Amino acid sequence: MIQINYRDSRPIYEQIKDGIRKLIVQGIMQNNEKLPSVRELATSLTINPNTIQRAYRELEAEGYVYTVKGKGCFVAGIPEENSARKSELLKQVADISEELKFMGTKKEDIFAVIDKVWNSK
């Protein structure tokens, strides 16, 4: 399900958050599907439950999950209007494109990668 890379410079909670977000966006986790409890996921990943709680809390703030008191966290689906996240991702694409341009990468090569992602699935 989710894998932690301890060599990744990103904090563990962000890796968990990104992993769950990816599962939701790809349709692997469906609307109203229950996420593993904080304790279950912390045990399976052998990390602190507070780390899982932070990831769940941020996913809820972004609109990807919702919490039912006493029952746990559930998939809310892909937020229809998540302009902050879209802006963040577009900025990352721009930054990466700028670096690739500086490295001499052709525009067509970048477009080919984007087309490959767009046409997969």
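In case you missed it, the structure is sitting above this.
In short, a report on the structure. (Residues numbered from 1 in each chain as written. Predicted model: local features only at pLDDT ≥ 70, side-chain atom pairs only at ≥ 80, totals over all residues. Heavy atoms only, no water.)

Our focus in this paragraph is the pattern of salt bridges. Should their charged atoms come close, side chains of opposite charge can pair. Summed over the entire model, instances satisfying the criterion amount to eight salt bridges. Overlapping salt bridges bring together Asp8, Arg10, Lys17, Asp18, Arg21, Arg54, Glu58 and Glu62 as one network. (Salt bridge = Lys/Arg side-chain N within 4 Å of Asp/Glu carboxyl O.)

Our next topic: the packing of helix 2 (residues 38-45) against helix 3 (residues 49-62). Look at helix 2 against helix 3: their axes get within 8 Å of each other, and the N-to-C directions meet at 120 degrees. Judged by the inter-axis angle, helix 2 sits oblique to helix 3. Relative to helix 3, helix 2 is oriented so that their crossing is right-handed. Counting all contacts with helix 2, which are made through Val38, Leu41, Ala42 and Leu45, the residues of helix 3 involved are Pro49, Ile52, Gln53 and Tyr56. Taken together, the residues that form the contact of helix 2 with helix 3 break down as seven nonpolar, one polar and no charged. (Axes fitted to C-alpha atoms, helices over the stretch in contact; angles between N-to-C directions. Helix = DSSP H or I, 4+ residues; strand = E, 2+ residues; numbered from the N terminus. Parallel < 35°, antiparallel > 145°, perpendicular 65-115°, else oblique. Left-handed = near helix turned anticlockwise from the far one by under 90°. Contact = heavy atoms within 4.5 Å. Nonpolar A, V, L, I, M, F, W, Y, C, P; charged D, E, K, R; others polar.)

Taking 1.5 Å of rise per residue, the 14 residues of helix 3 would be expected to cover 20 Å, and the 20 Å separating its terminal C-alpha atoms lies within 8% of that figure. Among the residues of helix 3, Ile52, Ala55, Tyr56 and Leu59 are the ones counted as buried. Angularly, the buried residues of helix 3 cover 95 degrees about the axis, an arc narrow enough to put them on a single face. Exposed side chains of helix 3 directed beyond 90 degrees from the buried face belong to Asn50 and Ala61. (Expected span 1.5 Å × (residues − 1). Buried < 20%, exposed > 50% of the residue type's maximum accessible area, 1.4 Å probe, protein only. Arc of directions from axis to C-beta.)

All right, on to the packing of aromatic side chains then. Here the structure, examined in full by the defined rule, presents one aromatic pair. Note on Tyr66 and Phe74: the rings are 5.7 Å apart at their centroids and 20 degrees apart in plane angle, and the pair reads as stacked. In this structure Tyr66 comes out as partly exposed when scored by relative accessible area, which is 29%. (Phe/Tyr/Trp six-rings, centres within 6.5 Å; stacked < 30°, edge-to-face > 60°.)

Here we come to the side chain of Arg21. Mapping Arg21 onto the fold places it in helix 1 (residues 12-25). You can call Arg21 buried: its relative accessible area is 5%. In this structure the side chain of Arg21 is engaged in a polar contact, spanning 2.7 Å, whose partner is the side chain of Asp18. (Polar contact = N/O pair within 3.5 Å; in protein donor to acceptor, adjacent residues only side chain to side chain.)

What follows covers helix 5 (residues 107-119). In this model helix 5 runs 18 Å from its N-terminal to its C-terminal C-alpha over 13 residues, within 8% of the 18 Å that 1.5 Å per residue would give. Among the 13 residues of helix 5, one are classified as buried, and the element is accordingly described as predominantly exposed.

This part takes up the pairing of strand 2 (residues 72-75). In terms of strand pairing, strand 1 (residues 65-68) meets strand 2 through four bridges, oriented antiparallel. Residue pairing for strand 2: Val68 is matched across the bridge by Gly72. Two successive antiparallel strands, strand 1 and strand 2, enclose a turn made up of three residues, where Gly70 displays a positive phi of approximately 80 degrees. (Pairing = 2+ DSSP bridges.)

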